[in-house]
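# Reading the structure
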There are 2 protein chains.
Amino acid sequence: MSQTRFAAVDWGTSSFRLWCCGADGEAIRRHHSSKGMFHLRADEFAPYLDGVLSELGESEDIPVVVCGMAGARGGWMEAPYAPAPATSDDIASRIVLAEGSRHKSAILPGVSLVGDKRFDVMRGEETLIFGALSLGESDGIFCLPGTHSKWCRVADGAITDWSTAMTGEIFGLLSRQSTLSDFCAETKEAIYSTTAFERAVVEALRNPNQLTHLLFSIRSRSLLAKEEEAQNMRARLYGLLVGCDIAGVRFDLSDNVTLVASEQLGNAYQTALSIAGHSSTLIDTERAALAGLANFAHRIFEI
Amino acid sequence: MSQTRFAAVDWGTSSFRLWCCGADGEAIRRHHSSKGMFHLRADEFAPYLDGVLSELGESEDIPVVVCGMAGARGGWMEAPYAPAPATSDDIASRIVLAEGSRHKSAILPGVSLVGDKRFDVMRGEETLIFGALSLGESDGIFCLPGTHSKWCRVADGAITDWSTAMTGEIFGLLSRQSTLSDFCAETKEAIYSTTAFERAVVEALRNPNQLTHLLFSIRSRSLLAKEEEAQNMRARLYGLLVGCDIAGVRFDLSDNVTLVASEQLGNAYQTALSIAGHSSTLIDTERAALAGLANFAHRIFEI
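To keep things clear, this report deals only with the structure shown in the data block. Fair warning: this is a prediction, and the values are worked out from it, not measured in the lab. Every chain is numbered on its own, with residues counted from 1 as its sequence reads. Lettering for chains starts from A, numbering for ligands starts from 1, and both go in the order in which the items are written. The model is predicted, so local features are restricted to residues of pLDDT at least 70 and side-chain atom pairs to those at 80 or more, both for listing and for counting; the totals for chains, interfaces and linings are taken over all residues. Values reported for side chains reflect all heavy atoms of the structure, with hydrogen atoms and water molecules removed beforehand.

The helix count covers DSSP runs of H or I at least four residues long, the strand count covers runs of E at least two residues long, and both are numbered beginning at the N terminus. A count of helical and extended segments in chain A gives nine helices and 14 strands. Taken over the C-alpha trace, chain A has a radius of gyration of 20 Å; the compact-globule value for 303 residues is 19 Å, and the two agree within 12%. For chain A, the C-alpha atoms occupy an extent of roughly 65 × 40 × 35 Å along the three principal directions. Between buried and exposed lies partly exposed: a residue is buried under 20% and exposed over 50% of the maximum accessible area for its type, with that area taken using a 1.4 Å probe on protein chains only. Within the span of chain A, comprising 303 residues, buried residues form 58% of the whole. Only heavy atoms matter for contacts: two residues are in contact if any of them lie within 4.5 Å across the pair. For chain A, contacts bridging at least 24 residues in sequence account for 64% of all contacts bridging at least 6. In short, Shrake-Rupley with a 1.4 Å probe defines the accessible areas, and a residue's cover is counted only from the protein chains shown. When the accessible surface of chain A is split by element, carbon and sulfur atoms take 45% of a total near 12300 Å². The globule rule is 2.2 Å times the number of residues to the power 0.38, and the radius of gyration it is compared with is taken over C-alpha atoms.

So, in structure tokens, the structure goes:
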């Protein structure tokens, strides 16, 4: 028999991650798919969720807590942003109960930053950060690398400030659809923590203002350089972007950075941060998501 | 009767520009199309050129001089790069006579830069630069904005050094195929020399190391800012990229910059250079191309 007490969902732009959790928040079953917000119309979210839970054999009285882009305008149902600084209480107090599902479903809001000429948004990352805090991480700078890498300042348990770099998205566009693509195709070569990656990070950290110029060097090196210097241009592309990402952070990184990331991205950023002279601690994304969602489930559903 | 003495062709990645020229190099007829290198197989260049000249009523004894990507590997026929520093004599002495056309067709080589860890290439821009020089411009820094913006140092009539920024290509990718596209769609609003463009240039010049972060601000501003600050995000995107392009130039721009550009791009770069405190002179691309190609035609075909 199922011992599931609630389901936790991280519903992003391009992925859907669901965990069926027991009373202590431990994952009993999990389901991952590419059914993110980009692949669903607003009226398709509820039936998709119901279908997954039904296939997993879960009964209708299992409540669901959802973070991420499902709460964006154009997602399942808009959960308006909590303004920064935001604590986990601020998030929990602004949940939106979604319609259309057989399950009681609470959507967590994202956080918005409206400062002096400074604007930013997050949806989902707040839950990972509060999850990492509940796992024992403390105040300071958090980095969540990905399609849109977030650099966040956490003080007194609240998310107070952050900025977002389009690192992963620009990497995807340039490696797949640009005049650099021929030189950056996916191969069996590793791209993270390779010499080509590390050299590119060094170059980008040295001249981060030259990013648009450095990127073209992938083409000219491939055409002109000796073999050794023209190897693994995909790693070079990612290294240039990650180096500029780090160089562009407007927070002081001299204290330890908490990286919330998958193993691959986490290793890449840890390597790059170390080249820049900064120490970091790596927390697995999935662990942080689960911990964050479980905390909200306990609070919202009084499980 | 036709008074054409030769045809001049600037055959780029995405465009084909042909002029039928009289004895003094003046354009008598012109033909522009989108039949660039990306749209033609190697064996399609010659028939396409012959077809255009035949439609224009030109006889087979009209010789043709070609600059640009038609001479790249994968183009019509490879014209190996002249190594920098390169004078117009170096270019003229390395022409390649192309095969397959009914017309005697000379393809001009590009120029390659192989320095200490520094590599770059150009194809076509050298002809525009030598054209601008023949129109009276003098040594110094030349900027040729576009898909790939070139910043070139010219000394003693030779192209000695340059770097390339992927400004136009990144603008195209982000405005058409990214999570910023919704906010950057083409509209009737002007993008060049607008307030939104100018403000973005100022921001980028102030923090060019933050490019990947500044780009995301297009999304967050569109979602959160008051109407005035969220207007014309397409102009903001281009302004951020042009500002970083200029900030990344490794040459001293304190002397006058010679801009070789279309009117629109020329005005945008002239505005941005002026915000950065630099003066510039604008030479029309087509005029420079025609002057450069005519000079080579005179020399090669002894017209």
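Now, onward.
Right, let's talk about the sheet that holds strand β3 (residues 27–33) of chain A for a bit. All names here are of chain A. Reading across the sheet, the six strands line up as β3-β2-β1-β4-β7-β6 and stay open at both edges, with mixed pairing between neighbours. The two strands at the open ends of the sheet, each matched to only one other strand, are β3 and β6 (96–97). Across five bridges, the pairing between strand β1 (residues 6–11) and strand β4 (residues 64–68) is parallel. Across the sheet, the residue bridging to Ala7 is Val64, located in β4. Here an angle of 0 to 180 degrees is reported between the N-to-C directions of two axes, which are lines fitted to C-alpha atoms, with helices fitted over the stretch in contact. Against the sheet, helix α1 (residues 45–55) engages β1, β2 (16–21), β3, β4 and β7 (105–107), with an angle of about 45 degrees to β2. Helix α9 (residues 285–301) rests against β1, β2, β3, β4 and β7 of the sheet, and its axis sits at about 130 degrees to β4. Pairing between two strands requires that DSSP report at least two bridges joining them.

Turning our eyes to something else, we now look at the relation of the copies chain B and chain A. Copy-to-copy alignment: least squares on C-alpha atoms, limited to residues at pLDDT 70 or above in both. Turning chain B through 180 degrees and shifting it by 0.0 Å along the axis lays it on chain A, with an RMSD of 0.0 Å. Within this description, the copies of the chain are treated as partners about a two-fold rotation axis. Residue Asn209 of chain B, judged by its C-alpha, is the member of chain B lying nearest the rotation axis, at 2.2 Å. The overlap is high: 100% of the interface residues of chain B also sit at the interface in chain A, so the same surface is used on both sides.

We now examine the sheet that holds strand β9 (residues 119–122) of chain B. Here three strands make up an open sheet; going across it, the order is β5-β8-β9 (chain B) and the pairing mixed. In the strand order of this sheet, the two ends are held by β5 (82–83) and β9 of chain B, each with one partner. The pairing of β5 of chain B with strand β8 (residues 111–114) of chain B spans two bridges and is parallel. Residue pairing in the sheet places Pro83 of chain B in a bridge with Ser112 of chain B of β8 of chain B. Running at roughly 90 degrees to β9 of chain B, helix α6 (residues 211–224) of chain A makes contact with β8 and β9 of chain B of the sheet.

Our next topic: the pattern of salt bridges. We define a salt bridge as a contact between a side-chain nitrogen of Lys or Arg and a carboxyl oxygen of Asp or Glu at a distance within 4 Å. All told, the structure shown has 24 salt bridges over all chains when counted by the stated rule. Across the pair Arg299 of chain A and Asp89 of chain A runs a salt bridge whose closest N-O atoms are separated by 2.5 Å. Taken together, the positions of Arg299 of chain A in helix α9 and Asp89 of chain A in helix α2 (residues 88–92) put the pair 210 residues apart, joining distant regions of the chain. Here Arg41 of chain B makes a salt bridge to Glu44 of chain B, at a shortest N to O gap of 3.3 Å. In the salt-bridge network here, residues are joined through shared partners; they are Arg41, Asp43 and Glu44 of chain A.

Turning our attention to the packing of aromatic side chains. Any two rings among Phe, Tyr and Trp, with Trp reduced to its six-membered ring, count as a pair given centres within 6.5 Å; such a pair is stacked if its planes are under 30 degrees apart, edge-to-face if over 60, and tilted if neither. All chains considered together, the criterion is met by 21 aromatic pairs over all chains. Note on Trp151 of chain A and Tyr269 of chain A: the rings are 6.4 Å apart at their centroids and 45 degrees apart in plane angle, and the pair reads as tilted. Taken together, the residues span a long stretch of sequence, with Trp151 of chain A in strand β11 (residues 149–155) and Tyr269 of chain A in helix α8 (residues 263–275) at a distance of 118 residues. Residues Trp151 of chain A and Tyr269 of chain A agree in their burial class; the two are buried. Members of the aromatic cluster, joined through ring pairs, are Trp11, Phe16, Phe45, Tyr48 and Trp76 of chain A. Whether a charge sits over a ring comes down to the Lys NZ or Arg CZ being within 6 Å of the ring centre and within 35 degrees of the ring normal. Of note, Arg123 of chain B hangs over the ring of Tyr81 of chain B, and the distance from its end group to the ring centre comes to 4.3 Å.

Glancing now at α9 of chain A. Residue and element names in this part refer to chain A. How far a helix is expected to stretch is found by multiplying one less than its residue total by 1.5 Å. Counted at 1.5 Å a residue, the expected span for α9 with its 17 residues is 24 Å, and the 24 Å between its end C-alpha atoms agrees. Of all the 17 residues making up α9, twelve are buried; the element is thus mostly covered by neighbouring parts of the structure. Looking at α9, one finds that the buried residues are Glu286, Ala288, Ala289, Leu290, Ala291, Gly292, Leu293, Ala294, Phe296, Ala297, Ile300 and Phe301. Identification of polar contacts relies on pairs of N or O atoms within 3.5 Å, with a donor-acceptor requirement for protein atoms, meaning one able to donate a hydrogen and the other able to accept it, and with residues adjacent in sequence counted only if both atoms are side-chain atoms. Regarding α9, its N-cap is Asp284, as a side-chain oxygen of that residue lies 3.1 Å from the backbone nitrogen of Glu286 further along. Just downstream of α9, Glu302 is the residue with a positive phi angle, here 50 degrees.

Contact residues are listed per partner, giving 47 residues for chain B and 47 residues for chain A. When two parts are brought into contact, each loses some accessible area as probed by a 1.4 Å sphere; the total of that loss over both is the buried area. In total, about 4000 Å² of surface goes out of reach between chain B and chain A, with carbon and sulfur atoms giving 66% of it. Viewed at the interface, chain A and chain B are joined by zero salt bridges. Summed over the shared surface of chain B and chain A, the number is 14 residue pairs in polar contact (both at pLDDT 80 or more). Among the elements that line the side of chain B that touches chain A, the one with the most residues is helix α6 (residues 211–224) of chain B, at ten residues.

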